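Breakdown of the fold
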Amino acid sequence: MPGWGIALIIIGILVAIIVVLYFLGKKAQKKQNEQQAQIDAMKQNVSMLIIDKKKMKLKDAGLPQQVLAQTPKLMRNSKLPIVKAKVGPQVLSLVCDAKIFDEVPVKKEVKAVVSGIYITSVKGLHGKQEVKPENKKKKSRYQRLVDKIQEKGGAKPLK
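Just so it is clear, the model here is predicted, and its values are computed rather than measured.

Our next topic: the overall build of the protein chain. Looking only at helices and strands, one finds three helices and five strands in the protein chain. Along the protein chain, from the amino end to the carboxyl end, the secondary structure elements read α-β-α-β-β-β-β-α. Here the protein chain, with 159 residues, has 21% of them falling under the buried criterion. Counting contacts in the protein chain only where the partners sit at least 6 residues apart, residues at least 24 apart contribute 52% of the total. Split by element, the accessible area of the protein chain, about 13,100 Å² in all, is 60% carbon and sulfur.

Following this line, the structure appears as structure tokens:
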């Protein structure tokens with residue numbers, strides 16, 4: 001019966017870990033909601049010319065020294081989506097929201113919603129918005145063989 005005692009101890013530890021993770025997740029969610037409220041309060045519409053966009057390390061991005069001083073040490077080495085844009089006469093490095101980074105057109109004038117140095121959304125001003133085709137994954141040799149057999153067998157329409 002000593003196996004039951006060990007199992008109960010392991011189950012107790014797992015329950016304690018789950019409870020701790022639950023409360024940490026709740027605290028992180030609350031913090032994120034507060035940050036989002038601050039971003040929404042400070043947002044403003046700006047017309048800008050996008051010069052370049054890259055994912056680069058925070059310390060290599062050319063952001064102000066005050067921004068680097070405020071970021072945690074672990075975050076300084078991580079890569080962030082950085083957009084170089086001309087806003088009026090100034091060329092600035094701005095941090096872009098990861099959700100809209102792929103939609104930001106390069107070498108185009110756009111209307112952007114900016115909160116401090118953070119770009120939250122982008123709309124094109126002039127010309128057509130380029131729609132990039134979705135990245136199609138390369139098919140494996142097996143998948144190409146299955147497609148070829150289905151096509152010859154009549155299960156798939158011919159190309």
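Taken as a whole and assessed by the stated rule, the structure comprises one aromatic pair. On the numbers, 5.3 Å between centres and 75° between planes, the contact of Y22 with F23 is edge-to-face. One cation-aromatic arrangement involves K53 over F101; the distance from NZ or CZ to the ring centre is 5.0 Å.

So, about the layout of surface pockets. To locate leftover empty space, one rolls a probe as large as a water molecule over the atoms. Computed from the structure, the largest pocket encloses a volume of approximately 1,100 Å³. Forming the boundary of the largest pocket are 26 residues, of which Q35, I39, V95, I117 and Y118 lie nearest the centre. Listing elements by their share of the lining of the largest pocket, those giving two or more residues are helix 1 (2–42), helix 2 (65–70), strand 2 (79–87), strand 3 (90–96) and strand 5 (118–124). Per-element tally for the lining of the largest pocket: the top contributor is helix 1, with seven residues.

Quick notes on the rules
Residues numbered from 1 in each chain as written. Predicted model: local features only at pLDDT ≥ 70, side-chain atom pairs only at ≥ 80, totals over all residues. Heavy atoms only, no water. Helix = DSSP H or I, 4+ residues; strand = E, 2+ residues; numbered from the N terminus. Buried < 20%, exposed > 50% of the residue type's maximum accessible area, 1.4 Å probe, protein only. Contact = heavy atoms within 4.5 Å. Areas by Shrake-Rupley, 256 points an atom, 1.4 Å probe, with all protein chains shown as cover. Phe/Tyr/Trp six-rings, centres within 6.5 Å; stacked < 30°, edge-to-face > 60°. Lys NZ or Arg CZ within 6 Å of the ring centre and 35° of its normal. 1 Å grid on protein atoms, 1.4 Å probe; cavity = no way out; pocket = protein on both sides within 12 Å on 5 of 7 lines; lining within 4 Å. Points joined across faces, edges and corners; volume = space filled by probe spheres on them.

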